[in-house]
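Read off the chains here:
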Amino acid sequence: MSAEAEARARVLRVVAAGRRIQDPNDPLGAEARARLPEVTGLDPKGVELALSAHLETQPTDAEIDTLLARTGRAPRCHLVLAANVCTAPLRALALAAATSPDIVVRPSRRDPVVTDLLVRALAADETFVQTHHASLTRASTISPAPGDELHVYGSDASIEAVTRSLPAGVCVRGHGTGIGLAVVGADAALDDAAEALARDVVPFDQRGCLSPRFVLVEGGEPHAEQFVQALDAALARTAARIPRGPLDPALAAEITLYGASMEAVGLFLARPSHAVGFDPSPRALVLPPAARVVHVVALALEQAPQLLAPWAPFVTAVGSSDDGALARAVLERAPFARCSPLGAMQRPPLDGPVDLRPSRA
């Protein structure tokens, strides 16, 4: 079997292990559902949404081809994982398996659950271990050698801390601080756009780098305020099915502070399940807390360059109601962002890292 065929086969074994976690009737799936609410802070229904709808377990052949083309090859691949998105270890391990048959993973101390379950599943997978001679080791520290690859997930500061003392010759792929951004066009059907955006905000309680935090609305202030009302209603309907996890005091205080700033300039709708802030005349984009809190602005096309400039390097995903001028302007300034229709921001294909920006390391 060729090296590429072996890499493909390893990736597919990782995906097969993910299907076990996705299945509530599999012991691994049952364990994930029992353990994840406590470590993630998600409501049990939020955990079920994450596992049932946001594990990438049905990739197409074309997606795997693209994934393999986006990864390197190394004698060993080391992973350092973050805790924001509980399903992220599946994609990270698939990328590592494409890179090397010898994988060392350091899971997040705050949320090691899915990593531990995947390690356990693959250790018991005779095809992965014996046929493809692959190994997956869980470690508390990593020691990459020259020629190895290191894949690091987390904030830019975390990546810098992990990589500052590496030996020369280690290839580092750093996936750092990122945010999602949505665009609603002037001709959008606002109720439909709001329902779709709610499907992007709710998974993982908005903590991932694909989660939309800002919404740019074309069409003037009245159009944007109508969207705010529609989004508030859509988030409330979604929360009735999938409640937000509990807020700790620090996060609740952040929401209060953000709300005060929005009330001073526009509108703030605070609900038990979510919040929406509206700035009708933005001079800057204000980043809201990641807790189903969405910042909406009314934006004219000529304002886009100035408002986007500080945030463009951090935009990982762009969701849009259409391919209009504002959406194109956003993508010109964030050319490596994943682009998708509203409602699909949190379900990217398994075609490589979710973060397609150049390495943050």
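Residues numbered from 1 in each chain as written. Predicted model: local features only at pLDDT ≥ 70, side-chain atom pairs only at ≥ 80, totals over all residues. Heavy atoms only, no water.

## Structural notes on the packing of aromatic side chains
- With the rule as written, the count across this model stands at two aromatic pairs.
- Consider the rings of Phe214 and Trp311, whose centres lie 5.3 Å apart with planes at 65 degrees: the pair is edge-to-face. Taken together, the residues span a long stretch of sequence, with Phe214 in strand S7 (residues 212-217) and Trp311 in the loop between helix H12 (304-308) and strand S11 (315-320) at a distance of 97 residues.
- Each ring, one from Tyr258 and one from Phe268, has its centre 5.8 Å from the other, and the planes form 80 degrees; the classification is edge-to-face. You can see Tyr258 sitting in helix H11 (residues 249-265) and its partner Phe268 sitting in strand S8 (residues 267-270), a full ten residues away along the chain. (Phe/Tyr/Trp six-rings, centres within 6.5 Å; stacked < 30°, edge-to-face > 60°. Helix = DSSP H or I, 4+ residues; strand = E, 2+ residues; numbered from the N terminus.)

## Overview of the sheet that holds strand S3 (residues 135-138)
- Spatial strand order, S3-S2-S1-S4-S5: five strands in an open sheet with parallel pairing. Each of the sheet's edge strands pairs with one partner strand only, and the pair in question is S3 and strand S5 (171-175). Here the strands of the sheet are splayed against their neighbours by 15 degrees on average, with no regard to which way each runs.
- The pairing of strand S1 (residues 77-80) with strand S2 (residues 102-106) spans four bridges and is parallel. Residue Val80 lies in a different strand from S2, and its bridge partner there is Arg106.
- Against the sheet, helix H6 (residues 113-123) contacts S2 and S3, and its axis sits at roughly 145 degrees relative to S3.
- Packing against the sheet, helix H8 (residues 156-163) makes contact with S1, S2, strand S4 (149-153) and S5, and its axis sits at approximately 150 degrees to S4. (Pairing = 2+ DSSP bridges. Axes fitted to C-alpha atoms, helices over the stretch in contact; angles between N-to-C directions. Contact = heavy atoms within 4.5 Å.)

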